[in-house]
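So the chains spell out like this:
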Amino acid sequence: MNLKEYSELSRDELIERISRAKKEKNAVVLGHNYQRDEVQRACDILGDSLGLSRYAASTDADIIVFCGVMFMAETAKILAPQKRVFIPEKGAGCPLAAGANMEDVLKLKEKYPDHIVISYVNTTAEVKAVTDICCTSGNAIEVVRSVGEKPVIFLPDENLGMWVKKTLGKQNMILWEGGCYVHQMIRLEHLEAARAKYPEATIIVHPECPYLVVSAADMVGSTSAMFNYVKEHDEHVILGTEIGLIERIIREIPDKKVDWLKPDAVCFNMKQITLPKLARCLEEGFYEVELEEEIRAAAGGAIRRMIEIG
Ligand code: SF4
C-alpha cells in the first residue's frame, strides 16, 4: 500500500494495523515527547532522545520504530546495532543537528588540537564519530565539568553551551553558532508576561532557549526533568518548550495545572511523523536506519563516554 492509501484509512483502522504489526513483528514503538498527540498515543514508550535510545539498547524487541527526528533514530541504532531500527519519515531531520557537519568539526579540531569536542546528542552520527564526549540537555553541565580545566569546543547549540559556560564560569569554551528554531521563539517578553499574569507559578524552560530567558526562569531542565517536576509537585507550572511535551502532561497527569510559555512553539520536523506513516513503517518497512560500521562504532564511543560520566 502507498502512503495515500494509508492516509485514507480511519484512525481506528490505523491503530488496529499498528497494534497487529507490532505483535507480528515483535516491534516496539518509541516516541519523543514532541510527537503529535495521536502518534504519542500509539507509542509504547515516550521520553527524551537519550532515555529512548537507552531503552532501545535494552529491549527484547527485534524491531525498533523511532517516532522522532533522524538523529534520534541514529542514536538508537548506534546503541543497539544488533536491532533493526526504523523511522516512519526519513525526511524528519533536525535543523539544529543539520547545522553541524563533520568536515567543519574536523577543521575546528585541527585549529584547536588541545580542545575537547563535546557534542550535544542533537548531532548526526558523523559528527558524533569525531566527538570526544556527547552530552544531553540533562547532563551537559556534568559532562563539561568532567573535563576540568581543559578547553572545550561545544556544539551545536549555542544557547545550551552558553548556559553551561555561565553556570560553570568556564571561560575556555568555544561555542558553535547553532540553535533550535523552536526554542529560539521563546523570548524574555513571553516569560515576563507569564510572570506578571501568574506571579505564583514556577517557570521552567529548556536550555535551548535564549540565555536571557534561561537566566530569568525559576528552573532550567530537559523534557524529562520538566515531566518529572510536574509529576512530583502540585503548584502551577509554566513550561518553556515544544508543545508536544505539554500535551503529554495534560493527557497523562491531568490533575496538574500546567501552561505553555509559548503555545505556538511547534517543531514541524517532529510533526512530520503521522499515524499513516507509522502504520506504513510497521507494515511495509519504510524507512530502515543504516550506518557505516566505522561511523557507528566511533559515535558509540562518544556516547559511552557520556554514559560513564552520568
Ligand atoms: S525541537 Fe529543535 S532541537 Fe528538537 S528536533 Fe525540533 S528543531 Fe531539532
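Quick caveat, the model's predicted, so the values are computed rather than measured.

J.: Residue-level account of the domain arrangement of the protein chain, with values.
T.: The domain boundaries assigned to the protein chain delineate domain 1 (3-92 + 270-291), domain 2 (96-180 + 295-309) and domain 3 (186-260). Between the C-alpha centres of domain 1 and domain 2 there is a distance of 27 Å. The largest per-residue losses of area from domain 1 upon contact with domain 2 belong to Leu50, Phe71 and Ile78, which jointly make up 50% of the total buried on that side. The tally of links from domain 1 across to domain 2 stands at zero salt bridges. In this structure, the connection of domain 1 to domain 2 is made through three residue pairs in polar contact (both at pLDDT 80 or more). Elements supplying a minimum of two residues to the side of domain 1 that touches domain 2: helix H4 (49-58) and helix H5 (70-79). Each residue belonging to the side of domain 1 that touches domain 2 can be placed in one class, and the counts come to six nonpolar, two polar and three charged.

J.: I'd like a description of the sheet that holds strand S12 (residues 258-260), backed by residues and values.
T.: Reading across from one edge, S10-S9-S11-S12 is the order of the four strands in this open sheet, with parallel pairing throughout. With partners counted over all chains shown, the strands left at the sheet margins are strand S10 (219-220) and S12, one partner each. In terms of strand pairing, strand S9 (residues 202-205) meets S10 through two bridges, oriented parallel. Looking at the pairing, Val205 lines up with Val220 of S10.

J.: A description of the side chain of His32 should follow, citing residues and the corresponding values.
T.: Mapping His32 onto the fold places it in strand S1 (residues 27-32). Once residues within four sequence positions are removed from consideration, His32 is found in contact with Gln40, Leu46, Gly47, Asp48, Ser49, Leu52, Cys67, Gly68, Met72 and Met270.

J.: Can you tell me about the environment of Ala100, naming the residues and giving the values?
T.: Relative to the helices and strands, Ala100 resides in the loop between helix H6 (95-98) and helix H7 (102-111). By relative accessible area, which is 2% here, Ala100 ends up buried. What Ala100 contacts, discounting residues up to four positions off in sequence, is Thr124, Val127, Leu155, Pro156 and Trp176.

J.: Can you explain the sheet that holds strand S5 (residues 116-120)? Please cite residues and give values.
T.: An order of S6-S5-S7-S8 is seen for the four strands of this open sheet, with the pairing classed as parallel. Both outer strands of the open sheet, strand S6 (133-135) and strand S8 (173-175), are each paired with one neighbouring strand and no more. Strand-to-strand twist in this sheet, taken as the mean axis angle between neighbours without regard to direction, amounts to 25°. As paired strands, strand S7 (residues 152-155) and S8 are joined by three bridges and run parallel to one another. Looking at S8, one finds that Phe154 is bridged to Leu175. Helix H10 (residues 158-168) contacts S5, S7 and S8 of the sheet and is inclined by roughly 160° relative to S8.

Quick notes on the rules
Residues numbered from 1 in each chain as written. Predicted model: local features only at pLDDT ≥ 70, side-chain atom pairs only at ≥ 80, totals over all residues. Heavy atoms only, no water. Domains from an automatic or database assignment. Buried area = accessible area lost by both parts, 1.4 Å probe. Salt bridge = Lys/Arg side-chain N within 4 Å of Asp/Glu carboxyl O. Polar contact = N/O pair within 3.5 Å; in protein donor to acceptor, adjacent residues only side chain to side chain. Helix = DSSP H or I, 4+ residues; strand = E, 2+ residues; numbered from the N terminus. Nonpolar A, V, L, I, M, F, W, Y, C, P; charged D, E, K, R; others polar. Pairing = 2+ DSSP bridges. Contact = heavy atoms within 4.5 Å. Buried < 20%, exposed > 50% of the residue type's maximum accessible area, 1.4 Å probe, protein only. Axes fitted to C-alpha atoms, helices over the stretch in contact; angles between N-to-C directions.

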